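Overview (structure and organization)
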Amino acid sequence: DDQTVLRLSNWLPTTHPIYSDILVPWAASVETETEGRVVIEFLPALGRPAAHFDLVRDGVADIAMSVHAYTADRFPTAYGVTLPGFADDSLTASVAYWRTFETHFAQAGEFRDVKLLGLWVHGPAYVWTKDKAIDALEDLEGLRLRATGGIVQDIAERLDIVPQFAPASETYELVARGVVDGVLFPMESVVSFRLEPILTDALTIPGGLYRDSHYVIMNSATFASLSAEDQAAIERVSGEAMARLAGKAWDNADAAARETLEAAGYTFTPATPEIMAEVRRQGDALEAEWIARVETLGIDGSAALATYAEEIEKVSGAR
Amino acid sequence: MSAALVGLACILGLAVLGVPIAFAMMLVGFIGFATVTDWYPAMAMVGQLAYDTSLTYSLSVLPLFILMGNFITRAGLSDDLYRAAYAFVGHLRGGLALSTLISCGGFSAVSGSSLATAATISRVAMPSMRRFGYADTLATGSIAAGGTLGILIPPSVVLVLYGIMTNNDIGQLFIAGIVPGLLGLLLYCLTVQVIAFANPEAGPPGDRSDWRERLAVLRRTWGILALFTLVIGGIYGGLFTPTEAAGVGAASALLLALARGGLSLRDVAGILLESARTTAMIFAVLIGAFMFANFINVAGLMRDLQTVIAALDVGPLTVLAGILVCYLLLGMVLESMSMLLLTIPIFYPLAMAAGFDPIWFGIVVVVVIEISLITPPIGMNVFVLRATLSDVATTTVFRGVLPFVGADILRLLLLLAAPWLVLT
Amino acid sequence: MNRALAALLRAPLLVAAASACLSLAAIMTIMVTDVIARHLLNAPVPGAAELIELLMALLVFSALPLTTLRREHIQVDLFTALVPISLRRIAGMLANAVAGAIMVFIAWRLYDKTVEIVGFGDTTAFLRLPLAPVAGVMTIMAALTALAFFVNSLRDLRPRATDRIAEPGP
Ligand code: NA
Ligand code: NA
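Residues numbered from 1 in each chain as written. Chains lettered and ligands numbered in written order. Predicted model: local features only at pLDDT ≥ 70, side-chain atom pairs only at ≥ 80, totals over all residues. Heavy atoms only, no water.

**A closer look at the interface of chain B and chain A**
Contacts between chain B and chain A engage 27 residues on the former and 18 residues on the latter. Buried surface at the junction of chain B and chain A, summed over both partners, amounts to about 1900 Å²; 54% is from carbon and sulfur atoms. Among the residues chain B hides against chain A, the three largest losses belong to B:Gln48, B:Thr241 and B:Asn297. Together they make up 22% of the total. If you look at where chain B meets chain A, you find 0 salt bridges. For the pair chain B and chain A, the interface holds 3 residue pairs in polar contact (both at pLDDT 80 or more). Secondary-structure elements contributing two or more residues to the side of chain B that touches chain A are helix 2 (21-36), helix 3 (39-52), helix 13 (242-259), helix 14 (265-298) and helix 15 (301-312) of chain B. The dominant element in the side of chain B that touches chain A, judged by the number of residues it contributes, is helix 3 of chain B, at 7 residues. (Contact = heavy atoms within 4.5 Å. Buried area = accessible area lost by both parts, 1.4 Å probe. Salt bridge = Lys/Arg side-chain N within 4 Å of Asp/Glu carboxyl O. Polar contact = N/O pair within 3.5 Å; in protein donor to acceptor, adjacent residues only side chain to side chain. Helix = DSSP H or I, 4+ residues; strand = E, 2+ residues; numbered from the N terminus.)

Next comes the structure, spelled out in structure tokens:
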């Protein structure tokens, strides 16, 4: 028959909202929009999460979702939108990120070897601890928190937190055994990593301590092999539409997680003005470093972040 | 569906011609992937998996558990274990065979491998059974069968591989293996009793020890007990993660071996090198298995299987029975670990689609794999014994393990009838 | 010719053996230090998990040529056990040659991967250690493994003449 089946290599558990609330509905909309001519088949991971850019570029899989920070050296521009502050949700930041990418970052050519289908950022990340409320800046000092690389490591170190690097699969064990004092996570991840019974406190930071960025890509040759009609159909449900879908899904997941955690009796402590000032100061320093870094690529970082902030305003105004 | 079966047949064909099974899986995985997609993606897939597979933190449990077992073997703890078991049950009918089984069970608690268990215990158990005039069938049968306990009682290399391939919690799998492992030990001991009562000539009793002697030898086994408590207790007491437990276990085993004396720096290097070589062997199979699994996945096997099951309209127990029969048949001709890695991409999704618990299924699979270790014509534990005992015929050993295979089948049926025996 | 081959392989095999032993010892040491330092000093080894990942790759690939030379790979010798020795020798020669060819291919794929990693300047996420040297060692060791298979193949063909190539012991 004339149906095209595209293989999506999925390394996430099928209970994860990225799978169930972003990738699956998006795949369904591709099928609807192409009137059934293009179908997306989900396969178990064909490689490690960090390998998925290469897997799609080389045609091992047709489509995949991955995380910029896993191969941070290849995506210097994404760091800018993960900096502290900016937005209290995922929807506005995700849509703004897509628009900022198109106007400022695309020219860096980070995705030139693949067809970029979508980008988003997750909700604001906070500090999660066990039996230890963070009431003052000093409380952060020497706190051992499970962290990943990139922005998470940078902002943690600048706040005198001791980041303990660990693969995602080890997170639960580390927290449960008290190897770390807590984690740096968005609301949703505390629940999806099953940490809800073993943590108790959240330090909430307006605008978030950071937000991680994710992308969805398709193999270039695969995309080129589709009819112009189907290409247009896929583009209609991707790009900004995908950013919107993903942003809504993250916001829903964060809200649901907040309800669960509140029901579990979590204490949410808003950051003190003193902590906020320090987060802003260190965020500004990281921003300056990043602007200098992307300048060598011919990207005007400060203009890009201005656009990012403007678009966040616009989207939130339109809502 | 047919692509997967053709691929499986090709691997078996290459293996029979003498190509190491790891490399047969790589070749078939590559060519199969290329026929479904294209040559360029297949080449990229091979490069990516060869590069990525070993760069995995959680897989470090494999070399470390292997290292722990090798240090323990070198420390001579198996001798003490056997002597202690003998002091307690040696005077019973078939007592030396019982001592063999119990020391196999004890050694399993610090060894991740069945071959290592069988090889280590045979060194001490075989001479004493010879001395008391045990039938070769009962003597070798109890060692070969007792050795299989090595992969069910934690730690277990095979359970680690199952956890890695199917994304299940290794700590949970370890706990789940304890009761079925002890049940296996119990059924093996009953088997020996039946044999010894039916034919007292086959397994005469040994000397009786008094309580003072018993306590004296029991005290010498504290090392194994301490190690097992440290590793398993450490995981569940919250001292460290299952991955770290392997590192702590290996280091403690080294200290134990050093404390017992007679271990030079050269010996330590030799044990490190031996463990490294075994690790490389396992990873070659693992890389091959991942390549083959990728071919199976892009060939759309899961989709086809679901269609077939729906069309056949069979219940989950029929599906499970089919899987187990396949394992028993494959287990006759395939080496156990490569069989697990080869079949998991096909059978695991099938069992999950039929609604079985992943941990329980893992334990059941390991029990059938234990059987494969002692069934002819390829029974690795039997071969290990043959390598250490040059004057016993292979057929004698296979005849000797037959009653134990019966005990294993009985255990399998018990696990099916009473799934709660597996703590999930 | 055989003497030359033996001399040629001696040094790389020794390096491989040393690398495998040291990597395994380092993995164990880092893990134990991490656990102890965390409990006693409240200070884990920074990036221990990343170091262990890199050492795992070194361990596996350094040991692979030695495993191969000692014929410790899992094999089904059902057929070969049933046929006469001359036929068995030919089968062994062919099987090792096939496995050697597969390893040549793997080494080539790893070489391409290494070039790509050098091009991107890829580093680990946390300690920012460069990945290129590890990929390079994997490539070289894969090539050495291919060579080991060919040596085995030669040995099956002429059992005595190639005995000189001894595996490095501890
Ligand atoms: Na064991
Ligand atoms: Na068998």
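**Comments concerning the coordination of the sodium ion (ligand 1)**
Residues and elements named next belong to chain B. Distances from the sodium ion (ligand 1) to its protein donors, namely Ser108 (O), Ser111 (O), Gly150 (O), Ile153 (O) and Pro155 (O), fall within the range 2.2 to 2.4 Å. Read N to C, the donor residues that coordinate the sodium ion (ligand 1) are spaced as S-x2-S-x38-G-x2-I-x1-P. Of the two residues, Ser108 sits in helix 6 (residues 95-108) while Ile153 sits in the loop between helix 8 (136-148) and helix 9 (157-166), which places them 45 residues apart along the sequence. Owing to a relative accessible area of 7%, Ile153 belongs among the buried residues under this scheme. (Donors = N, O, S within 2.8 Å, 3.2 Å for Na, K, Ca; no water. Buried < 20%, exposed > 50% of the residue type's maximum accessible area, 1.4 Å probe, protein only.)

**Section: the pairing of strand 9 (residues 201-204) of chain A**
Residue and element names in this part refer to chain A. Both faces of strand 9 are covered, namely the face carrying Asp201 and Leu203 and the face carrying Ala202 and Thr204. Pairing geometry for strand 5 (residues 125-129) and strand 9, over 3 bridges, is antiparallel. Looking at the pairing, Thr129 lines up with Asp201 of strand 9. Where strand 9 and strand 11 (residues 267-270) come together, 4 bridges link them in parallel fashion. Bridge pairing in strand 11 links Leu203 to Thr269. (Pairing = 2+ DSSP bridges.)

**Observations concerning the interface of chain C and chain B**
Facing the 54 residues of chain C at the interface are 58 residues of chain B. Taken together, the connections running from chain C to chain B amount to 1 salt bridge. The partner of C:Glu72 in a salt bridge is B:Arg277, with the nearest N and O atoms 2.6 Å apart. Run the count over chain C and chain B and you get 6 residue pairs in polar contact (both at pLDDT 80 or more). For the side of chain C that touches chain B, the residue count by class is 42 nonpolar, 5 polar and 7 charged. (Nonpolar A, V, L, I, M, F, W, Y, C, P; charged D, E, K, R; others polar.)

**A look at a negative patch on the surface**
Together, A:Glu138, A:Glu141, A:Asp160 and A:Glu274 make up a region of like negative charge exposed at the surface. Relative to the helices and strands, A:Glu141 is located in the loop between strand 5 and strand 6 (144-147). (Patch = residues over 30% accessible without salt bridge, like charges linked within 9 Å, V, L, I, M, F, W, Y side chains within 5 Å. Areas by Shrake-Rupley, 256 points an atom, 1.4 Å probe, with all protein chains shown as cover. Lys, Arg positive; Asp, Glu negative; His and termini not counted. Charge placed at Lys NZ, Arg CZ, Asp CG, Glu CD.)

**A closer look at the sheet that holds strand 3 (residues 63-67) of chain A**
Residue and element names in this part refer to chain A. Ordered in space as 2-1-3-10-4, the 5 strands form an open sheet in which the pairing is mixed. The open sheet has two edge strands, strand 2 (38-44) and strand 4 (114-121), and neither has a second partner. Neighbour-to-neighbour, the strand axes of the sheet open up by a mean angle of 25°, direction not taken into account. As defined by bridge partners, strand 4 adjoins strand 10 (residues 213-219) across 7 bridges and the pair is classed as antiparallel. Bridge assignment links Leu119 to a residue of strand 10, and that residue is Tyr215. Sheet strands in contact with helix 1 (residues 17-33) are strand 1 (4-10), strand 2, strand 3, strand 4 and strand 10, and its direction is about 150° off that of strand 2. Running at roughly 35° to strand 4, helix 9 (residues 240-263) makes contact with strand 4 and strand 10 of the sheet. (Axes fitted to C-alpha atoms, helices over the stretch in contact; angles between N-to-C directions.)

**A short note on a nonpolar patch on the surface**
A cluster of nonpolar side chains, contributed by B:Val325, B:Leu329, B:Met332 and B:Val333, occupies part of the molecular surface with about 320 Å² of accessible area. Mapped onto the elements, B:Val325 comes out in helix 16 (residues 316-333).

**As for the nonpolar core**
By size, the foremost hydrophobic cluster in this structure holds 297 residues, and its most contacted members are A:Phe111, A:Trp128 and B:Phe23. Sorting elements by how many residues they give to this core places helix 14 of chain B first, with 19 residues. With 27 residues, the next largest nonpolar core counts A:Trp26, A:Val67, A:Phe223 and A:Ala246 among its residues. (Core = buried A, V, L, I, M, F, W, Y, C linked by side-chain atoms within 4.5 Å.)

**Things to note about the pairing of strand 10 of chain A**
Side-chain positions along a regular strand alternate between the two faces of the sheet. Residues and elements named next belong to chain A. Among the 7 residues that make up strand 10, 7 are buried, leaving the element largely enclosed by the rest of the structure. Along strand 10, one buried face is formed by Ser213, Tyr215, Ile217 and Asn219 and the opposite face, lined by His214, Val216 and Met218, is buried too. Sheet topology note: the strand 3/strand 10 ladder contains 5 bridges and is antiparallel. From the neighbouring strand, Ala64 faces strand 10, where its bridge partner is Ile217.

**Thoughts on empty space enclosed by the protein**
Enumeration over the complete set of coordinates arrives at 3 cavities of 30 Å³ or more. Taken together, 14 residues line the largest cavity, and the ones lying closest to its centre are A:Gln164, B:Tyr57, B:Glu244, C:Asp34 and C:Ala49. For the lining of the largest cavity, the secondary structure elements donating two or more residues are strand 7 (162-165) of chain A together with helix 1 (2-41) and helix 2 (48-69) of chain C. At 3 residues, the largest contribution of residues to the lining of the largest cavity is made by helix 2 of chain C. What the second largest cavity holds in volume is close to 70 Å³. Together, B:Met26, B:Ala50, B:Phe283, B:Ala284, B:Ile287, C:Val60, C:Phe61, C:Leu64, C:Met103 and C:Ile106 line the second largest cavity. (1 Å grid on protein atoms, 1.4 Å probe; cavity = no way out; pocket = protein on both sides within 12 Å on 5 of 7 lines; lining within 4 Å. Points joined across faces, edges and corners; volume = space filled by probe spheres on them.)

**Quick look at helix 5 (residues 77-89) of chain B**
Residues and elements named next belong to chain B. Taking 1.5 Å per residue as the helical rise, helix 5 with its 13 residues ought to reach 18 Å, and the 19 Å between its terminal C-alpha atoms agrees with that figure. Of all 13 residues in helix 5, 10 are buried; the element is thus mostly enclosed. For helix 5, the secondary structure elements touched by its buried residues are helix 4 (61-75), helix 6, helix 7 (114-131), helix 11 (211-219), helix 12 (222-236) and helix 13. (Expected span 1.5 Å × (residues − 1).)

**Comments concerning the sheet that holds strand 5 of chain A**
All names here are of chain A. The strand order across the open sheet formed by 6 strands is 7-6-8-5-9-11, and the pairing between neighbours is mixed. Lying at the two open borders of the sheet, with one neighbouring strand each, are strand 7 and strand 11. The sheet shows a mean angle of 35° between the axes of neighbouring strands, direction not considered.

**Here's the deal with the layout of surface pockets**
Residues and elements named next belong to chain B. Roughly 1200 Å³ of internal volume is contained in the second largest pocket. Taken together, 38 residues make up the lining of the second largest pocket; nearest its centre are Ser113, Leu115, Ala116, Thr278 and Met281. Of all elements in the fold, only helix 4, helix 7, helix 9, helix 14, helix 17 (336-353) and helix 19 (380-388) reach the threshold of two or more residues within the lining of the second largest pocket. Sort the elements by how many residues they give to the lining of the second largest pocket and helix 14 lands first, with 7 residues. Grouping the constituent residues of the lining of the second largest pocket by class yields 19 nonpolar, 13 polar and 6 charged.

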